[in-house]
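Listed here are the chains, written in short residue letters.
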Amino acid sequence: MLKVASILPAGTWDSAADHVTLDQDGRHRRRFVLTSDHMKIDALLDEPAAVQLKHGDGLKLDDGRIIEVLAAPEDLLEVTAHSPEHLLRLAWHLGNRHLATQIDGQRLLIRYDHVIAHMLEHLGAHVHRVRERFDPEGGAYGGAHHAHEH
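Given the structure is predicted, the values throughout are model-derived calculations rather than measurements. (Residues numbered from 1 in each chain as written. Predicted model: local features only at pLDDT ≥ 70, side-chain atom pairs only at ≥ 80, totals over all residues. Heavy atoms only, no water.)

Things to note about the side chain of glutamine 24
The following threshold applies: By the criteria applied, helices consist of DSSP H or I runs no shorter than four residues and strands consist of E runs no shorter than two, each listed in order from the N terminus. In this scheme, a residue with accessible area under 20% of its type's maximum is buried, one over 50% is exposed, and one in between is partly exposed, where area comes from a 1.4 Å probe on protein chains only. A 3.5 Å cut-off defines polar contacts: any pair of N or O atoms within that distance qualifies, except that in protein one atom must be a possible hydrogen donor and the other a possible acceptor, and neighbouring residues in sequence count only when both atoms are side-chain atoms. Throughout, a residue-residue contact means that at least one pair of heavy atoms, one from each residue, lies within 4.5 Å.
Tracing the backbone through its elements, the reader meets glutamine 24 in the loop between strand S2 (18–22) and strand S3 (28–35). Owing to a relative accessible area of 7%, glutamine 24 belongs among the buried residues under this scheme. At a separation of 3.0 Å, a polar atom in the side chain of glutamine 24 contacts the side chain of glutamine 52. Beyond its immediate chain neighbours, meaning those up to four positions away, glutamine 24 contacts Gln52, Glu74, Arg111, Phe134 and Pro136.

Written out as C-alpha cells, the structure is:
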C-alpha cells in the first residue's frame with residue numbers, strides 16, 4: 001500500500017493526481033487509510049501524533065503523486081455580532097466551552113448545535129445555520145497544522 005510521505009501546506013505545491021474530501025473530524029487524524037475520490041488511490045497516513053489537515057493541503061505519496069485534501073461542507077452555525085468587542089466576547093464564550101471554532105473575518109463558524117445556538121442568541125449574537133467548509137483553529141496545545149518528511 002502507498003504511504004503518505006509528507007504533508008504539503010496549501011499553496012506550496014503545483015498539481016494533484018486526485019483529491020480526497022473529508023469533514024473536519026476526518027481531517028484531524030493520526031493514522032488512517034484514505035481513498036482518493038476519483039482514481040480510488042489508497043494510501044496510509046501514519047503520523048506520530050494527530051495532525052489537522054487543512055483544505056488545500058497536499059498529501060505527497062511515496063510514489064511522488066500528490067493527493068489534494070478538500071474540506072467537505074458541514075452543517076455549521078455562522079455567528080456574527082454588533083461590534084468587534086461583542087464578537088470577541090462571543091468567541092470567549094465558545095472557547096470557554098472548548099468548542100472548535102473557525103475565525104473568519106467578521107464572523108465565527110462552529111458546528112451546528114441547537115443548544116449553543118440558543119445560548120449565543122441570548123448573548124445577543126446573530127446566528128444562522130449554514131453549510132460550508134469547516135477549518136477551525138488548531139488550538140494552543142499541539143492542534144496546529146504541521147508538515148514534515150518521513
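Comments concerning the packing of helix H1 (residues 84–96) against helix H2 (residues 114–122)
As a reminder, the rule being used: Throughout, an axis means a line fitted to C-alpha atoms (over the contacting stretch in the case of helices), and angles, computed between N-to-C directions, take values from 0 to 180 degrees. Here is the rule for handedness: rotate from the far helix to the near one, and if that takes an anticlockwise turn smaller than a right angle the crossing is left-handed, while a clockwise turn gives right-handed. Residues are grouped as follows: Ala, Val, Leu, Ile, Met, Phe, Trp, Tyr, Cys and Pro are nonpolar; Asp, Glu, Lys and Arg are charged; every other residue, Gly included, is polar.
Running from amino to carboxyl end, H1 crosses H2 at an angle of 145 degrees, the nearest separation of the two axes being 11 Å. Remark: the crossing between H1 and H2 carries right-handed chirality. Each of Leu90, His93 and Leu94 in H1 lies in contact with H2, whose residues at this interface are Ile116, Met119 and Leu120. Within the contact of H1 with H2, the residues separate by chemical class into 5 nonpolar, 1 polar and no charged.

Things to note about the sheet that holds strand S5 (residues 58–61)
Short version of the rule: Criterion used throughout: strands pair if DSSP finds at least two bridges between them.
Read across the open sheet, the 6 strands follow the order S2-S6-S5-S1-S4-S3; overall the sheet is mixed. The open sheet has two edge strands with one neighbour each: S2 and S3. The mean inter-strand angle of the sheet, taken between neighbouring strand axes irrespective of direction, is 30 degrees. Bridging between S5 and strand S6 (residues 66–71) involves 3 bridges; their strand directions are antiparallel. Bridge pairing links lysine 60 to isoleucine 66 in S6.

Topic: the sheet that holds strand S8 (residues 101–104)
Strand order across the open sheet formed by 4 strands is S8-S9-S7-S10, with antiparallel pairing between neighbours. Where the open sheet ends on each side, the last strands, each with one partner, are S8 and strand S10 (126–132). Sheet twist, expressed as the average angle between the axes of neighbouring strands with direction ignored, equals 30 degrees. Where strand S7 (residues 74–80) meets S10, 7 bridges bridge the pair, whose relative direction is antiparallel. Bridging from a neighbouring strand, glutamate 74 pairs with glutamate 132 of S10. Against the sheet, H1 makes contact with S7, S8 and strand S9 (107–111), and its axis sits at roughly 20 degrees relative to S9, the strand it touches most. Lying over the sheet, H2 contacts S7, S9 and S10, oriented at roughly 145 degrees with respect to S10.

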